[in-house]
Amino acid sequence: MGWRNKKPHFNISKPKYLLVLVFPLLFSFLLISATPHIWARALTKEEKQEINSLYKEALSCYSQNDLYGAEDIFRQILSIDPEQKKAQVFIDKK
């Protein structure tokens, strides 16, 4: 007789193991993926000022029908702060 003849002491298909093993992993994944803004770093004062300056410049380009120039500036804003919603709206609209 050896270890090969013994039955495993647990059955992974039982519902209690599903609750203990699978659901916590699934919940952790959903929590982390659904809240990226929690993990984002805070912008410095200089970065905020630069974003405001670039935003004004982008709006100026946009009002002069320089859409490519405005898009470039909005992309610069997103490179500083990927969560910048105003710039993302313009990029998505284009």
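Up top you'll find the structure we're talking about.
Residues numbered from 1 in each chain as written. Predicted model: local features only at pLDDT ≥ 70, side-chain atom pairs only at ≥ 80, totals over all residues. Heavy atoms only, no water.

### Brief notes about unusual backbone geometry
Now for step 1: Of note in this structure, Asn65 is not a glycine but carries a positive phi near 60°.
Now for step 2: With respect to the element layout, Asn65 can be found in the loop between α3 (45-63) and α4 (67-80). (Helix = DSSP H or I, 4+ residues; strand = E, 2+ residues; numbered from the N terminus.)

### Remarks on the pattern of salt bridges
Now for step 1: Summed over the entire model, instances satisfying the criterion amount to 1 salt bridge.
Now for step 2: For Glu71, the salt bridge identified is with Arg75, shortest N-O distance 2.8 Å. Of this pair, Glu71 and Arg75 are both found in helix α4, 4 residues apart, which corresponds to roughly one turn of the helix.
Now for step 3: The exposure class of Arg75 is partly exposed, given its relative accessible area of 43%. (Salt bridge = Lys/Arg side-chain N within 4 Å of Asp/Glu carboxyl O. Buried < 20%, exposed > 50% of the residue type's maximum accessible area, 1.4 Å probe, protein only.)

### Remarks on the packing of α4 against helix α5 (residues 85-93)
A pair of packed helices is characterised by two quantities: the angle between their axes and the separation of those axes.
Now for step 1: For the pair α4 and α5, the least separation of the axes is 9 Å and the interaxial angle reads 135°. Taken together, α4 and α5 sit at an angle that is classed as oblique. Between α4 and α5 lies a crossing whose hand is left-handed. Residue-level contacts link Leu67, Ala70, Glu71, Phe74, Arg75, Ile77 and Leu78 of α4 to Ala87, Gln88, Phe90 and Ile91 of α5.
Now for step 2: Across the contact of α4 with α5, the residue classes break down as 8 nonpolar, 1 polar and 2 charged. (Axes fitted to C-alpha atoms, helices over the stretch in contact; angles between N-to-C directions. Parallel < 35°, antiparallel > 145°, perpendicular 65-115°, else oblique. Left-handed = near helix turned anticlockwise from the far one by under 90°. Contact = heavy atoms within 4.5 Å. Nonpolar A, V, L, I, M, F, W, Y, C, P; charged D, E, K, R; others polar.)

### Here we look at α5
Now for step 1: When α5 is considered as a whole, its buried residues turn out to be Ala87, Phe90 and Ile91. Each buried residue of α5 sits inside an arc of 95° when the element is viewed along its axis, so together they form one side. Projecting away from the buried face of α5 at angles above 90 degrees are the exposed residues Lys85, Lys86, Asp92 and Lys93. (Arc of directions from axis to C-beta.)

### Observations concerning the environment of Leu54
Now for step 1: With respect to the helices and strands, Leu54 occurs in helix α3.
Now for step 2: Sequence separation of Leu54 and Ile77 is 23 residues, and the distance between their C-alpha atoms is 6.8 Å.
Now for step 3: When residues no more than four places from it in sequence are discounted, the contact partners of Leu54 are Ile73, Gln76, Ile77 and Ile80.

### Points about α4
Now for step 1: Given a rise of 1.5 Å per residue, 14 residues ought to cover 20 Å, and the 20 Å separating the end C-alpha atoms of α4 matches this to within 8%.
Now for step 2: Those residues of α4 lying buried are Gly69, Ala70, Glu71, Ile73, Phe74, Ile77, Leu78 and Ile80.
Now for step 3: Those residues of α4 that are buried lie in contact with α3 and α5. (Expected span 1.5 Å × (residues − 1).)

### Some words on the nonpolar core
The nonpolar side chains of soluble globular proteins are, as a tendency, buried together.
Now for step 1: Residues Phe74 and Ile77 are the most contacted members of the largest nonpolar core, which totals 13 residues.
Now for step 2: Contributing elements (two or more residues each) for this core: α3, α4 and α5.
Now for step 3: For this core, the leading source of residues is α4, giving 6 residues.
Now for step 4: Residues within four places of Phe74 in sequence aside, it is in contact with Tyr55, Ala58, Ala87, Phe90 and Ile91. (Core = buried A, V, L, I, M, F, W, Y, C linked by side-chain atoms within 4.5 Å.)

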